[in-house]
Amino acid sequence: LRGHVGVGHVRYPTAGSSSCAEAQPLYTNYPYGICVAHNGNLTNTSELTKVIRDEVLRHVNTDSDSELLLNIFAEALVKANTMKDLNM
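The shown structure was predicted, so the numbers you read here are calculated from the model rather than taken from an experiment.

### Some words on the pattern of salt bridges
For step 1, the next point in the chain: Under the counting rule described, the total for this entry stands at one salt bridge.
For step 2, the next point in the chain: For K50, the salt bridge is made with D54, and the minimal N-O distance between the two is 2.9 Å. One end of the pair is K50 and the other is D54, both in helix α1 (residues 45-55) and four residues apart, which spans about a single turn.
For step 3, the next point in the chain: Using a relative accessible area of 47% as the deciding quantity, one classes D54 as partly exposed.

This is the structure we're talking about:
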């Protein structure tokens, strides 16, 4: 993800929450400062939460499945760049 380009999308929480913390886009600064806005429902949130907390060792701040998706994506970027660095 290089450059200075982004795609904008904003949405408010709809799945039983009115928390401002769950308004999207959600942001993480690791590894690159990325955001995600997700309009859907993940069906394996309990499994993903366990992976994020226990294996990836990241803190989950909300009950939003979009935050899980963001952390899974961020971890995939870290792994992809680690593999790229190892192959150089």
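### So, the nonpolar core
For step 1, the next point in the chain: The biggest cluster of nonpolar side chains holds six residues, and these are L26, I34, V36, L70, A74 and L77.
For step 2, the next point in the chain: Contributions of two or more residues to this core are made by β2 (34-36) and α2 (65-86).
For step 3, the next point in the chain: For this core, the element with the most residues is α2, which contributes three residues.
For step 4, the next point in the chain: Within the second largest apolar cluster, five residues are counted, among which are L48, I52, V56 and V60.

The rules behind the values
- Residues numbered from 1 in each chain as written.
- Predicted model: local features only at pLDDT ≥ 70, side-chain atom pairs only at ≥ 80, totals over all residues.
- Heavy atoms only, no water.
- Salt bridge = Lys/Arg side-chain N within 4 Å of Asp/Glu carboxyl O.
- Helix = DSSP H or I, 4+ residues; strand = E, 2+ residues; numbered from the N terminus.
- Buried < 20%, exposed > 50% of the residue type's maximum accessible area, 1.4 Å probe, protein only.
- Core = buried A, V, L, I, M, F, W, Y, C linked by side-chain atoms within 4.5 Å.

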